[in-house]
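Commentary on secondary and tertiary structure
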Amino acid sequence: GIGADAAIAEARPRAGLIAGALTAAVDLAPDGELHWRSWGGIGLAAVQGPVEPLFAQLMTSFGASGLRARRFPDAAAMRWSKLVGNLVANSLSAILDLDAAAVYDDRGLYRLELRQLREALAVMRCLGLRPVRLPGANVAALALLLALPDAITRPILRRVVAGARGGKSPSLRRHVHERGGPSEAPWLNGAVVAAGARCGVPTPVNARLAELVEAVASDPERRAWFRGRADRLLEAMTAGEGVGPAR
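Residues numbered from 1 in each chain as written. Predicted model: local features only at pLDDT ≥ 70, side-chain atom pairs only at ≥ 80, totals over all residues. Heavy atoms only, no water.

Each helix and strand in the protein chain was counted, giving 13 helices and 7 strands. Relative to the globule expectation of 18 Å for 247 residues, the C-alpha radius of gyration of the protein chain, 18 Å, shows essentially globular dimensions. The buried share of the protein chain, taken over its 247 residues, is 44%. Partitioning the contacts of the protein chain with sequence separation of at least 6, the portion at a separation of at least 24 is 72%. Where the 31 positive side-chain charges of the protein chain centre and where its 23 negative ones centre are 5 Å apart. (Helix = DSSP H or I, 4+ residues; strand = E, 2+ residues; numbered from the N terminus. Rg over C-alpha atoms; globule rule 2.2 N^0.38 Å. Buried < 20%, exposed > 50% of the residue type's maximum accessible area, 1.4 Å probe, protein only. Contact = heavy atoms within 4.5 Å. Lys, Arg positive; Asp, Glu negative; His and termini not counted. Charge placed at Lys NZ, Arg CZ, Asp CG, Glu CD.)

Okay, the packing of helix H11 (residues 204–218) against helix H13 (residues 230–238) next. Between H11 and H13, the shortest axis-to-axis distance is 10 Å and the interhelical angle comes to 120°. For the element pair H11 / H13, the angle class is oblique. Where H11 crosses over H13, the two elements pack in a sense that is right-handed. Of H13, the residues touching H11 (which contributes Val205, Arg208, Leu209 and Leu212) are Leu233, Ala236 and Met237. For the contact of H11 with H13, the residue count by class is 6 nonpolar, no polar and 1 charged. (Axes fitted to C-alpha atoms, helices over the stretch in contact; angles between N-to-C directions. Parallel < 35°, antiparallel > 145°, perpendicular 65-115°, else oblique. Left-handed = near helix turned anticlockwise from the far one by under 90°. Nonpolar A, V, L, I, M, F, W, Y, C, P; charged D, E, K, R; others polar.)

With respect to the helices and strands, the residue Ser91 is situated in helix H4 (residues 91–96). There is a polar contact of 2.6 Å between the side chain of Ser91 and the side chain of Asn189. Those residues within four positions of Ser91 in sequence are excluded, and the remaining contacts are Gln116, Leu172, Asn189, Leu209 and Val213. (Polar contact = N/O pair within 3.5 Å; in protein donor to acceptor, adjacent residues only side chain to side chain.)

Looking now at the pattern of salt bridges. A complete count under the given rule lists 7 salt bridges for this structure. Of the charged contacts in the structure, one is a salt bridge between Arg71 and Glu52, with a shortest N-O distance of 2.7 Å. Here Arg71 is found in strand S5 (residues 68–71), whereas its partner Glu52 is found in helix H2 (residues 52–64), with 19 residues between them in sequence. Ionic pairing is found between Glu211 and Arg208, a salt bridge with its closest N-O pair at 2.9 Å. (Salt bridge = Lys/Arg side-chain N within 4 Å of Asp/Glu carboxyl O.)

The next point concerns the packing of aromatic side chains. All told, the structure shown has 1 aromatic pair when counted by the stated rule. Residue placement shows Arg71 over the ring face of Phe55; its charged tip is 3.8 Å from the ring centre. Positioned above the aromatic ring of Trp225 is the side chain of Arg232, whose terminal nitrogen or guanidinium carbon lies 3.5 Å from the ring centre. (Phe/Tyr/Trp six-rings, centres within 6.5 Å; stacked < 30°, edge-to-face > 60°. Lys NZ or Arg CZ within 6 Å of the ring centre and 35° of its normal.)

Turning next to the pairing of strand S4 (residues 41–48). Among the 8 residues in S4, 6 count as buried, and that is most of the element. By the bridge criterion, 4 bridges tie S4 to S5 in an arrangement that is parallel. Directly across from Gly43, in S5, lies its bridge partner Arg70. Regarding topology, H2 serves as the crossover connection from S4 to the parallel S5, and that connection is right-handed. (Pairing = 2+ DSSP bridges. Right-handed = clockwise from strand over helix to strand, strands pointing away.)

Moving on: helix H9 (residues 171–178). Since the α-helix packs 3.6 residues into each turn, any two residues three or four apart lie on the same face. Turning to H9, its buried residues are Leu172, Arg173, His175 and Val176. End-on, the buried residues of H9 take up no more than an arc of 165°, which puts them together on one face. Turning to H9, the residues buried within the fold contact H4, H11 and helix H12 (220–226). (Arc of directions from axis to C-beta.)

As a further point, take the confidence of the model for the protein chain. Parts of the prediction with low pLDDT should not have their coordinates interpreted in detail. Per-residue confidence for the protein chain gives a mean pLDDT of 87, with 91% of residues at or over 70. Confidence, read as mean pLDDT per element, is least for strand S3 (residues 34–38) in the protein chain (66) and greatest for helix H10 (residues 189–199) (96). (pLDDT = per-residue confidence, 0-100.)

Glycine aside, residues mostly have negative phi angles, and peptide bonds mostly take the trans form. Of note in this structure, Ala89 is not a glycine but carries a positive phi near 50°. As for its position among the elements, Ala89 is in the loop between helix H3 (75–87) and H4. Ala89 gets classed as buried once you look at its relative accessible area, which sits at 0%. Positive phi outside glycine occurs at Asp97, with the angle close to 55°.

Have a look at this one:
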């Protein structure tokens, strides 16, 4: 995740460190067996230290298992591309307890989704990073699509997002409605907000979504209030400072 390498490097400044970005949708069965829900892959990038021998071993091992592995020259670009991919149909799905297709079927939710993603891409540009094509998740192509009119992008993204998840519910939705409690939203939407604040890019949509995910994760009544109600979410978004209407 964003910031993980800095924390590890501070604790172990001379250790070899490789960043990884897994894009395959997987499920862990009760018996401990791992099931692949859709074919993706894994991106790898050197962060620090003498890692070449380990790199070769990892690439060989992943390839032998059938998991596509690709090496990237820039760990930050790879990691931020994975974060943008993780944002897709995640927070909105968690707040409303809807699958990705239902999110993209609603015009207001779709436009809100686009604003969330465009904020993240604006932060990437400010950081001097370009989206990359991860194995099974072409975030570079996603960035190009987001520059096109909604009428063109919406049916394409709906089909791609549904297929990429292999029928698996988004991670934030599963956490909020199966476990509750603090979620990973502060490391997803929250990471966009923190980086935007450092480089002067406004991120009001990501900030409000991070707040609302944590609110529904910690409060069953809030979960029930928002469940399936796009109108209530859109109203709550406009109440956030600087967000404005989504429709």
